[in-house]
Amino acid sequence: MLLQYLIVFAVVIIAAIVVTRKLLYQSKGRGCQGCNCPGKSEEFRKLIKSKEH
Amino acid sequence: MKNPALTNTEPASAQELRLNQAKLGCSYIMIDLDGGSKLKEKLYSMGLNPGVKFRVIANSGAGPIGIEVRQTKLAIGRGMAAKIRISEEVCKQTEITIALAGNPNSGKTTIFNGLTGTNQHVANYPGVTVEKKEGQLNYEGRVIRVIDLPGTYSLSANSPEESIACNEIIERKPDIIVGIVDASNIERNLYLFTQLAELGIPIIIALNMSDLARNRGLIIDHRQLGRLLGVPVIPMIGNKKKGQEELLEAIVACVEKDICCKPTPISYGAELDAELANIKGLLEQDIAQINGYPSRWLALKLIEGDEPIQRILANHSQLAIINQTVQKARAKLRSIFGEDTTSVITDKRYGYISGACSESIKRTAEHRHDISDNIDFLLIHPFWGMVFFGLIMWLMFYLTFNLAEKPVELIEKAMGALSVLASNILPAGILQSLVVDGIIGGVGGVIVFLPNIMILFLSIAILEDTGYMARAAFIMDRIMHKIGLHGKSFIPMLVGFGCSVPAYMSSRIIEDKTDRLVTMHVTTFMSCGARLPVYVLVCGAFWPQAAGNVMFSIYVLGILVAVGVVKLLRMTRFKGVSAPFVMELPPYRVPTLRSLILHMGERSLQYIRKAGTMILGFSIIMWFLMSFPQNHEIIFGDEGRQAAYNLEHSFAGKLGKLTEPLIKPLGFDWRMGVAIFSGFAAKEVVVSTMGTVYGVDDKSDKSSLTLRQRLRQDPAYSRLTAYAFLVFVLLYMPCMSAMAVFLRETGSWKELLFQISYTTALAYALTLIVYQGGKLLGLG
């Protein structure tokens, strides 16, 4: 029983690490579903700001 | 202009080398061979004799060495190579940078994919590529870096994605520009070429879609066209990879063999040329301050009145004089030609193109109406166009649900069997619960909807590749204008049916900043593919006979809400008039099977990958939150009631109960609240969380039921609650990825916070109306 708990906690910790990493990755605008993800749109943002549209 | 052929060149060396020491991509001169006369004779007869120049095309450090000598490729064993004495002559360029430039929808990304072996998204409507992409390929020992630029009609950047293309060409100065020209629309496409020609960078023209041009009765003498324009012209069929080899050969020849790739300078007439020369002279007086830009090009841009050029010349010592001269020149030219200088320059360019085309193109048939025109008569008709649009959308969602039904049932059964298997193998206890309820219940709940995802993305790919998307934007233009946007805004919205992230990015095709912001604010209501599993789950559970129609109604609701919100935003935060709509309607094309399969396969793989990472991780965490703290006290004799009690007293249960007063008026219980909250990470997680909730909750003999069956039997759900749930999922804030991209694209936290708060508030208000209104009408 103790072994089962140990395994379960280990799995949950690994899952928490994976999810945290994924969320951090996503917060950079990556990892979305089915798109040519934006590696960087910083350049574009600057462009918009520099233009008087 | 930098010439990498020179910059990457090493000087000749008197030092002797052996062939096995030769570097890949370099050229050498054969000195002699240490060996017997028979061996020498053999090599000489094959063309490798003393004094001959050759190039190394393969040398991996092991195995034979490949060389190209006298247009022949030879493989020489390492042992033999060690006997061949060579003198290093010239190390040819091993790295070439090319930029693919052309009009929107001319097939740049298709050629980019063909060259680099990547699978960047392509479709048959303008504005698919809004950010430059880079890839590379190895070609006969050289590394060719390829930059795929967003489509642009001119170098006077009118929209942000055109600015990216423009800046990339001017500032990065690739070794060669490959001008991708749609052969079926050659004159308009060559207009950009006339502007590129001013930059002084070698150009090769890739005459893409040559097959389409031939079908339209255009016979293009590409050699003659090349002679007139002064650059190599390569006929290509991008989607069949035809002409690719010839293009690569031309690129290498242009860089290494000095094949002429410099376009013939365009004359704008004596008067204009004289003014250009005058301004050019002034610009060259402070050459350091023109930052490497071609002075004639700068002069031309100044005469055209291109505003951003002023920034480039900000530190020029003669700026005041230059500006005065430009003003005088413009006035003088206006008095001579009686029209604006921009019009004069445009006329001259089109005149030049027209001259070149008339000498090199024959028309075998008078073009009147082609198939595209005939189809368009119906599909962009003011009334029938709308009818067809509605029908096409309905069909897409009908097929998404109905065609996938059988495969979904099969996967559900497989998941059920997997649960039973895991229950039999693992001893009863917490580990079994983690595997069965957490992992299989959560991830399995999402995976079962893979067939729906595949069909949805296949349908979207067909609409994109045929060219219908541009028509949809055209049809919607009338409605969009009435509410304060233009049809172009509908393109990001249509992309949003796939995923909000590229949708936000594709809003770059909209020139006006206010229009773009409004579009981005409402794009989220176009239900993305990640929400689809939620709809399929709930619609399949409560409307098994009419699931496609209910799903369609949700998508239509999304569009209607978007329309309403645009109107509201236009009257309040983003007042103003929408910019005029100019968009190209591409010809209809039959999509290639490869493109459709690639498109669908890529999306499906991403869905599976997401299920195996993010959703798996989240399912485990949600299971933990629903299973802990463990309660070993037996309160109820009935196993099902005991499980429900334990769930309610778990971490997730307690958190969910906290939110219950807030969501109760919407008809939701705490379990739905937890599912909705978890959708913040990714919308599919809503389904996996529900799968875990029902797995942990349900310990009765119903555990063999599918998630849809369990939902149907749950007394907490009625059809009204289910529809209210769908409305909330449709409208509430986008997922984390989408929000991050929204922030990057707008560069404003204020806009992001506005987006999160108003979408969630709207979702709450509309769901409340649906649920409470439905109750009043006796629907729930």
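Sequence order as written defines the numbering, with residues in each chain counted from 1. A letter from A marks each chain and a number from 1 marks each ligand, given out in the order of writing. Two thresholds apply to this predicted model, a pLDDT of at least 70 for residue-level local features and 80 or more for giving and counting side-chain atom pairs, whereas whole-chain, interface and lining totals are computed over all residues. Side-chain numbers here rest on the full set of heavy atoms in the structure, without hydrogens or water.

A.B. asks: I keep staring at the overall build of chain A and nothing clicks. Help me out?
C.D. replies: What counts as a helix is a DSSP run of H or I of at least four residues, what counts as a strand is a run of E of at least two, and both are numbered from the N terminus. Assigned secondary structure in chain A consists of 2 helices and 0 strands. Among the 53 residues that make up chain A, the fraction classed as buried is 40%. To be clear on the numbers: accessible area is Shrake-Rupley with a 1.4 Å probe, and residue cover counts the displayed protein chains and nothing else. A total accessible area of about 3,200 Å² is found for chain A, and carbon and sulfur atoms account for 67% of it. Exposed residues in this analysis have more than 50% of their type's maximum accessible area, buried residues have under 20%, and partly exposed residues fall in between, with area computed by a 1.4 Å probe over protein chains only.

A.B. asks: Teacher, can you tell me more about the nonpolar core here?
C.D. replies: Within soluble globular proteins, side chains that are nonpolar tend to cluster in buried spots. Residue and element names in this part refer to chain B. As used here, the term nonpolar core means buried Ala, Val, Leu, Ile, Met, Phe, Trp, Tyr and Cys residues forming a set that is joined through side-chain atoms within 4.5 Å. Ranked by size, the top nonpolar core spans 134 residues in total, and within it F490, V522, F525, F668 and F725 carry the most contacts. Sorting elements by how many residues they give to this core places helix 25 (residues 547-571) first, with 12 residues. Contacts are residue-level and defined by heavy atoms, with any inter-residue pair within 4.5 Å sufficient. Ignoring sequence-local partners within four residues, the contact set of F490 consists of F389, A472, A473, M476 and M480. In this structure, A183, L199, L313 and L333 belong to the second largest nonpolar core, which totals 59 residues.

A.B. asks: Would you take a moment to explain helix 28 (residues 651-663) of chain B for this structure?
C.D. replies: At 3.6 residues per turn, the α-helix brings residues three or four places apart onto the same side. Residues and elements named next belong to chain B. In a helix, the anticipated span is given by 1.5 Å times the number of residues less one. The end-to-end C-alpha distance of helix 28, which contains 13 residues, comes to 18 Å, matching closely the 18 Å that a straight helix rising 1.5 Å per residue would cover. One fitted axis covers the seven residues ending at a residue, a second covers the seven starting there, and the bend at that residue is the angle between these axes. Along helix 28, the largest kink reaches about 30 degrees and is centred on K657; proline P661 follows within four residues of it. Three or more residues of helix 28 are buried, namely A652, G653, G656, E660 and I663.

A.B. asks: Where do I start with helix 16 (residues 384-402) of chain B in this structure?
C.D. replies: Residues and elements named next belong to chain B. The terminal C-alpha atoms of helix 16 lie 26 Å apart, and with 19 residues this matches the ideal 27 Å at 1.5 Å per residue to within 8%. Among the residues making up helix 16, those that are buried are G385, F389, M393, M396, F397, T400 and F401. Seen along its axis, helix 16 keeps its buried residues to an arc of 145 degrees; they face one direction. This arc corresponds to the set of directions leading from the helix axis out to the C-beta atoms.

A.B. asks: When you look at the confidence of the model for chain A in this model, what are you seeing that I'm missing?
C.D. replies: Caution is warranted with low-pLDDT regions, since their predicted coordinates should not be read in detail. Scored between 0 and 100, pLDDT is the confidence that the predictor attaches to each residue. With 47% of its residues at a pLDDT of 70 or more, chain A shows a mean pLDDT of 64. A low-confidence stretch, residues 31-53 of chain A stays under pLDDT 50, and its non-local contacts, those more than four residues away or across chains, total 70 contacts.

A.B. asks: How do you make sense of the pairing of strand 11 (residues 203-208) of chain B when you look at a structure like this?
C.D. replies: Sheet faces and side chains relate simply in a regular strand, where the side chains alternate between the two faces. All names here are of chain B. With respect to burial, strand 11 is a largely interior element, 6 of its 6 residues being buried. The sheet contact formed by strand 10 (residues 176-182) and strand 11 spans 6 bridges and is parallel. The residue of strand 11 that forms the bridge with V181 is L207. Pairing between two strands requires that DSSP report at least two bridges joining them.

A.B. asks: Even after reading the chapter, I still don't get the pattern of salt bridges, so can you show me in this structure?
C.D. replies: Any two side chains of opposite charge can pair, given that their charged atoms come close. Residue and element names in this part refer to chain B. Here, a salt bridge means any side-chain nitrogen of Lys or Arg that lies within 4 Å of a carboxyl oxygen of Asp or Glu. For the coordinates displayed, the defined rule picks out 20 salt bridges over all chains. K40 is the partner of D32 in a salt bridge, and the nearest nitrogen-oxygen pair spans 3.9 Å. A salt bridge links D211 to K240; its shortest N-O distance comes to 4.0 Å. Of the two residues, D211 is situated in helix 7 (residues 210-215) and K240 in the loop between strand 13 (233-235) and helix 9 (244-256); the sequence distance between them amounts to 29 residues.

A.B. asks: Honestly, the sheet that holds strand 7 (residues 95-102) of chain B in this entry has me stumped. Any pointers?
C.D. replies: Across a sheet, paired strands are connected by hydrogen bonds in the backbone, their directions being either parallel or antiparallel. Residue and element names in this part refer to chain B. An order of 8-9-7-10-11-13 is seen for the 6 strands of this open sheet, with the pairing classed as mixed. The open sheet terminates on both sides in strands that have one partner only, identified here as strand 8 (133-139) and strand 13. Strand-to-strand twist in this sheet, taken as the mean axis angle between neighbours without regard to direction, amounts to 25 degrees. Running over the sheet, helix 8 (residues 222-229) touches strand 11 and strand 13 and is turned about 155 degrees from strand 13. Axis angles are defined between N-to-C directions and span 0 to 180 degrees, where every axis is a line fitted to C-alpha atoms and, for a helix, only to the segment in contact.

A.B. asks: Explain the packing of helix 11 (residues 295-304) of chain B against helix 13 (residues 319-337) of chain B here, please?
C.D. replies: Two measures define how a pair of helices packs: the angle their axes make with one another and the distance between the axes. Residues and elements named next belong to chain B. The N-to-C vectors of helix 11 and helix 13 enclose an angle of 60 degrees; their axes lie 9 Å apart at closest approach. In terms of axis orientation, helix 11 runs oblique to helix 13. For the element pair helix 11 and helix 13, the recorded crossing hand is right-handed. The residues of helix 13 that touch helix 11, namely those facing L302, I303 and E304, are I322, V326, A329, R330 and L333. For the contact of helix 11 with helix 13, the class distribution of residues is 6 nonpolar, no polar and 2 charged. To sort the angles, those under 35 degrees are grouped as roughly parallel, those over 145 as roughly antiparallel, those from 65 to 115 as roughly perpendicular, and the leftovers as oblique. Should the near helix be turned counterclockwise from the far one by less than a right angle, the crossing is left-handed, whereas a clockwise turn marks it as right-handed. Each residue receives one of three labels: charged for Asp, Glu, Lys and Arg, nonpolar for Ala, Val, Leu, Ile, Met, Phe, Trp, Tyr, Cys and Pro, and polar for the others, Gly being one of them.

A.B. asks: I tried to follow the environment of L647(B) on my own but got confused; where do I start?
C.D. replies: All names here are of chain B. When you line up the elements, L647 lands in helix 27 (residues 639-648). Taking the relative accessible area as the measure of exposure, L647 reaches 1% and is therefore buried. Each C-alpha atom of the pair L647 and V693 lies 8.2 Å from the other, and the pair is 46 residues apart in sequence.

A.B. asks: Explain the packing of aromatic side chains to me, please; I cannot follow it from the model alone.
C.D. replies: Two aromatic rings, taken as a pair, are described by how far apart their centres are and by the angle between their planes. Aromatic pairs are defined between Phe, Tyr and Trp rings, using the six-membered ring for Trp, whenever the two ring centres lie within 6.5 Å; interplanar angles under 30 degrees are classed as stacked, those over 60 as edge-to-face, and all others as tilted. What the rule picks out here adds up to 25 aromatic pairs over all chains. Judged by centre distance (6.3 Å) and plane angle (70 degrees), the ring pair of F397(B) and F497(B) falls under edge-to-face. Of this pair, F397(B) sits in helix 16 while F497(B) sits in the loop between helix 21 (490-495) and helix 22 (500-506), placing them 100 residues apart in sequence. A ring pair is formed by F624(B) and F651(B), whose centres lie 6.4 Å apart and whose planes are at 35 degrees; its orientation type is tilted. Placement of the pair is F624(B) in helix 26 (residues 593-627) and F651(B) in helix 28, with a sequence separation of 27 residues. The exposure class assigned to F624(B) is buried, which follows from its relative accessible area of 18%. Put simply, the rings of Y5(A), F9(A), W623(B), F624(B), F628(B) and F651(B) touch in pairs and so form one group of aromatic residues. If you follow R573(B) out to its NZ or CZ, it ends over the ring of F754(B), 4.3 Å from the centre. Here, over-ring charges are defined by two tests on the NZ atom of lysine or the CZ atom of arginine: distance to the ring centre within 6 Å, and angle to the ring normal within 35 degrees. When the ring centre of Y732(B) is taken as origin, the NZ or CZ atom of K683(B), which lies over that ring, is 3.7 Å away.

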